[in-house]
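# Coordinate inspection notes
Below, each chain spelled out in residue letters.
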Amino acid sequence: MNNFTYTTAGSITAALQHTKRHPQAMYIAGGTNLLDLWKYNLLHPQTLVDLNGVPGYHTIEAKEGGGLQLGALVTNAATAYHPLIEQRYPLLSKAILAGASAQIRNMATNGGNLLQRTRCYYYYDGDVPCNKREPGTGCSAIKGYNRIHAILGASEHCIAVFPSDMCVALAALEAVVQITGQQGKRSIPFADFHRLPGNAPEKDNALQAGDIITSIDLPAKEFAHHYSYLKLRDRHSYAFALVSVATALELEGNEIKEARIALGGVAHKPWRIPEAEQLLQGKPATAESFAQAADKLLEGAQGYPHNQFKIELAKKAIIRNGLMALHPETQLPGAQPSA
Ligand SMILES: Cc1cc2nc3c(=O)[nH]c(=O)nc-3n(C[C@H](O)[C@H](O)[C@H](O)COP(=O)(O)OP(=O)(O)OC[C@H]3O[C@@H](n4cnc5c(N)ncnc54)[C@H](O)[C@@H]3O)c2cc1C
């Protein structure tokens, strides 16, 4: 029996006071990841602080000077189907709809999506070593069954990947995460929010104890005309990405003026290499150009016995998604072409 107290916070200040008094307290939003981890006996919260009653973070608002502010407590479904997202940031809508199921997206929140934990099988299996679950015990995936694991940015301590779809689009769109913590407010650019495992794989991101994500800001640049999100996975729905790609392009004729490419399913964080995007500037939007960018993005990629295929799969996905981004109107809403 795991006794715990549950409290609803009516404001950010009240939520922060709870976590100050109870440093082991955990926030809950949609609960779709937290409750799973609890049932797997991986979390044992003694105090749950429910954020859903905190007013002010349940809306999507246009920002002065362009851009949007996505409240942390807006659900993934409400975000994906919001007219401002569908019209102005369709890449984000597509990526969210490629994830989970309708039921889960109805519960899952934007803040929680950024903080979901890896789907590495060994992390979920409390009977085997895992540095992410129990630092210093070792990584069972490195010599184990590593089909879903990282090919980029891994370390000798952890080869888990970050599983979000939404975050791959947010990385490509250069979102900014707004946080309120015990020391006040701060902003973290998306590229710096999630971290590589290094020698501290238990830490997924730059949050400090008690920090609350209040919103995610999208910059004025929308990439509403040429974009695509491609998710390749073992099952066509309700499965996490083996490799995913978010591509956003600004074109003049067939020439690329600006490009953003982020990969999911390949690293401990959404993977972006700005040099790969710069390579595309001024180039024709062709398979050859996207192939050059793919080589740059995959530079240094290292596979393990069961996931070597991901390197070639990622290269092909980048090329294919670049070409798909030229004609987003040909993609059915929410549809994912099969691999
Ligand atoms: C069966 C299944 C399939 C899925 N498939 C996919 C998929 O294909 N693609 C995909 O991207 N995702 C997928 N997901 C993951 C899902 O998107 C996440 O579980 C969800 O986004 C988490 O949001 P939540 O609000 O439920 O978070 P919660 O479970 O409530 O919280 C998750 C974590 O975030 C913390 N937290 C929540 N909100 C805040 C906040 N505002 N500030 C600070 N801390 C906070 C909590 O303390 C907890 O540690 C799947 C989930 C399930 C269960």
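All values derive from a computational prediction rather than experimental measurement. Counting restarts for each chain: residues are numbered from 1 in the order of the written sequence. Owing to the predicted nature of the model, reporting of local features is limited to residues with pLDDT of at least 70; listing and counting of side-chain atom pairs is limited to 80 or more, with chain, interface and lining totals taken over all residues. Processing note: side-chain calculations cover all non-hydrogen atoms of the structure and skip hydrogens and water entirely.

## Considering the sheet that holds strand β3 (residues 47–50)
Here, strands pair whenever DSSP counts at least two bridges between them. The way it works is that DSSP assigns letters per residue, a run of H or I at least four long becomes a helix, a run of E at least two long becomes a strand, and they are numbered from the N terminus. Reading across from one edge, β1-β3-β2 is the order of the three strands in this open sheet, with parallel pairing throughout. Taken across any chain shown, the strands that pair with only one partner, and hence form the sheet edges, are β1 (5–8) and β2 (26–28). Going across the sheet, the axis of each strand differs from the next one's by a mean of 30 degrees, ignoring polarity. With three bridges connecting them, β2 and β3 associate as parallel partners. From the neighbouring strand, Ile28 faces β3, where its bridge partner is Asp50. Its contacts with the sheet place helix α1 (residues 12–21) against β1, β2 and β3, and it is angled at close to 145 degrees to β2. In this description, a line fitted to the C-alpha atoms serves as the axis of each element, helices being fitted only across the stretch in contact, and the angle between N-to-C directions of two axes falls anywhere from 0 to 180 degrees. Whether two residues touch is decided by their heavy atoms; if any such pair falls within 4.5 Å, the residues are in contact.

## Describing the packing of aromatic side chains
Only Phe, Tyr and Trp rings take part, Trp by its six-membered ring, and two of them pair if their centres are within 6.5 Å. Stacked means planes under 30 degrees apart, edge-to-face means over 60, and tilted covers everything else. On inspection of all chains with the given rule, the structure shows six aromatic pairs. Geometrically, the ring pair formed by Tyr121 and Tyr122 is edge-to-face, given 5.9 Å between the ring centres and 75 degrees between the ring planes. Burial classes: relative accessible area under 20% of the type maximum marks a residue as buried, over 50% as exposed, and values in between as partly exposed (1.4 Å probe, protein chains only). For Tyr122, a relative accessible area of 18% gives the class buried. Judged by centre distance (5.9 Å) and plane angle (15 degrees), the rings of Tyr121 and Tyr145 are stacked. Highlighted residues: Tyr121 in helix α8 (residues 121–124) and Tyr145 in the loop between α8 and α9 (166–172), separated in sequence by 24 residues. When its relative accessible area of 32% is taken as the criterion, Tyr121 is described as partly exposed. Residue Tyr145 is classed as partly exposed on the basis of its relative accessible area, which comes to 42%.

## Focus on the confidence of the model for the chain
Confidence scores labelled pLDDT are given residue by residue by the predictor and lie between 0 and 100. When pLDDT is averaged across the chain, the result is 96; 98% of the residues are at 70 or more. Within the chain, the element-level pLDDT minimum falls on helix α2 (residues 34–39), averaging 96, and the maximum on α9, averaging 99. Every residue in residues 334–339 scores below 50 in pLDDT, and together they form 17 contacts with partners more than four places removed in sequence or on other chains.

## Considering the nonpolar core
By nonpolar core is meant a set of buried Ala, Val, Leu, Ile, Met, Phe, Trp, Tyr and Cys residues that side-chain atoms within 4.5 Å join together. Counting residues in each nonpolar core, the largest one holds 40 residues, and the members touching the most others are Leu91, Leu92, Leu114, Leu170 and Leu218. Contributions of two or more residues to this core are made by β5 (68–71), α5 (90–97), α9, β6 (176–181), α10 (190–193), β8 (212–218), β9 (226–232) and β10 (243–252). A total of seven residues in this core trace back to one element, the largest contributor, which is α9. Not counting residues within four places of it along the chain, the set of residues in contact with Leu114 comprises Phe162, Cys167, Leu170, Val177, Phe190, Phe193, His194, Ile213 and Ile216. Leu249, Phe290, Ala317 and Ala325 belong to the second largest nonpolar core, which has 30 residues in total.

## Overview of the site of the ligand
Proximity is defined per residue: if any heavy atom of the residue lies within 4 Å of a molecule or strand, that residue is considered near it. Lining the immediate surroundings of the ligand are 33 residues, of which Tyr27, Gly31, Thr32, Thr109 and Asp165 lie closest. By the criterion applied in these results, polar contacts are pairs of N or O atoms within 3.5 Å in which, for protein atoms, one can donate a hydrogen and the other can accept it, and in which residues neighboring in sequence qualify only through two side-chain atoms. Note that an oxygen atom of the ligand is positioned 2.6 Å from one of the side-chain N or O atoms of Thr109. Coverage of the ligand by the protein chains reaches 91% of its 980 Å² of free accessible surface. Those elements giving two or more residues to the shell around the ligand turn out to be β2, α2, α7 (110–115) and β8. Note on residue categories: nonpolar means Ala, Val, Leu, Ile, Met, Phe, Trp, Tyr, Cys or Pro, charged means Asp, Glu, Lys or Arg, and polar means any other residue, Gly included. Each residue belonging to the shell around the ligand can be placed in one class, and the counts come to 17 nonpolar, 11 polar and five charged. The source of the domain bounds is an automatic or database domain assignment. There are two domains that each give the shell around the ligand at least three residues, and those are domain 1 (5–53) and domain 2 (226–330). Exposure was quantified through the Shrake-Rupley algorithm and a 1.4 Å probe, taking into account, for residues, occlusion by the shown protein chains and nothing else.

## Thoughts on the sheet that holds β10
One open sheet accounts for three strands, arranged β9-β10-β11; its pairing is antiparallel. Every interior strand has two partners, whereas the edge strands, β9 and β11 (255–264), have only one. Averaged over neighbouring strand pairs, the angle between their axes works out to 10 degrees when direction is ignored. Summarising the sheet, β9 and β10 pair through seven bridges and their orientation is antiparallel.

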